[in-house]
Amino acid sequence: NDQLKKFDIVIANPPYSISKWNQEAWKHDPWGRNKYGLPPKGNADYAFFQHIICSMKDKTGRCGVLFPHGILERDAEQEMRKRIIEEDLIDCVVGLGKDLFYNSSMESCLVFCRTKKDPSKKGKILFIDARDEITRKQTQSFLEKHHIDKIFNAYKDYKDVEGFAKVVSNEEVLNNNGNLNIKLY
């Protein structure tokens, strides 16, 4: 019906930091997916992020996205990040360790969003530092069940865990110029 299709759940692993993309077309996107701003010409991560956010249903939408760690703090995307935080869409940021993926040795992160947060989570973001929750065998790194359980339980409990998880107000994040780097919190 000439509208963007919307979903209850969006799970994505967009290509990391695509440098050759059609920024001009995005500027005039007929579906309104550029509502938080125009991503820099040399990096499409926030084009993917905005597409995912705009694809979530208004009342029941959730997403989980695997991104390069840089999306949390790059200056060129700061204003878009601030607007997403101001709309209270970010539920949780999980920092993952290095070498988890064959195509990239860099640290990555998971970003979870909700269009309608539980009242106890409104105005807050949970940060989980799971960089050390990996097992390295030979040339491969991976998460074992106990790592996944620890991350999941921290998310489910949504409370501070010394040295591992921290609930931070959107206001505090915005006072840090919208920087979502887990090390800050």
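Keep in mind that what you see is a predicted model, and the values were worked out from it rather than measured. (Residues numbered from 1 in each chain as written. Predicted model: local features only at pLDDT ≥ 70, side-chain atom pairs only at ≥ 80, totals over all residues. Heavy atoms only, no water.)

Novice: Quick one: what's the story with the pattern of salt bridges, residue by residue and with numbers?
Specialist: Throughout the structure, instances matching the rule amount to 13 salt bridges. The residue K117 makes a salt bridge to D88 at a minimum N-O spacing of 2.6 Å. Of this pair, K117 sits in the loop between strand 4 (108-114) and strand 5 (124-130) while D88 sits in the loop between helix 3 (78-86) and strand 3 (90-96), and the two are 29 residues apart along the sequence. Of the residues examined, K117 reaches a relative accessible area of 6% and is grouped as buried. The salt bridge partner of R114 is D91, with a shortest N-O separation of 3.5 Å. Here D91 lies in strand 3 and R114 lies in strand 4, a separation of 23 residues in the sequence. (Salt bridge = Lys/Arg side-chain N within 4 Å of Asp/Glu carboxyl O. Helix = DSSP H or I, 4+ residues; strand = E, 2+ residues; numbered from the N terminus. Buried < 20%, exposed > 50% of the residue type's maximum accessible area, 1.4 Å probe, protein only.)

Novice: Describe in detail the packing of aromatic side chains, supporting the description with residues and values.
Specialist: Taken as a whole, this structure holds six aromatic pairs when the rule is applied. Ring geometry for Y46 and F49: centres 5.5 Å apart, planes at 70°, overall edge-to-face. Of the two residues, Y46 and F49 are both situated in helix 2 (residues 45-54); the distance of three residues between them amounts to about one turn of the helix. Ring geometry for F127 against Y185: centres 4.5 Å apart, planes inclined by 20°, an arrangement best described as stacked. Placement of the pair is F127 in strand 5 and Y185 in the segment after helix 5 (170-175), with a sequence separation of 58 residues. Accessibility classification places F127 together with Y185 in one group, the buried group. (Phe/Tyr/Trp six-rings, centres within 6.5 Å; stacked < 30°, edge-to-face > 60°.)

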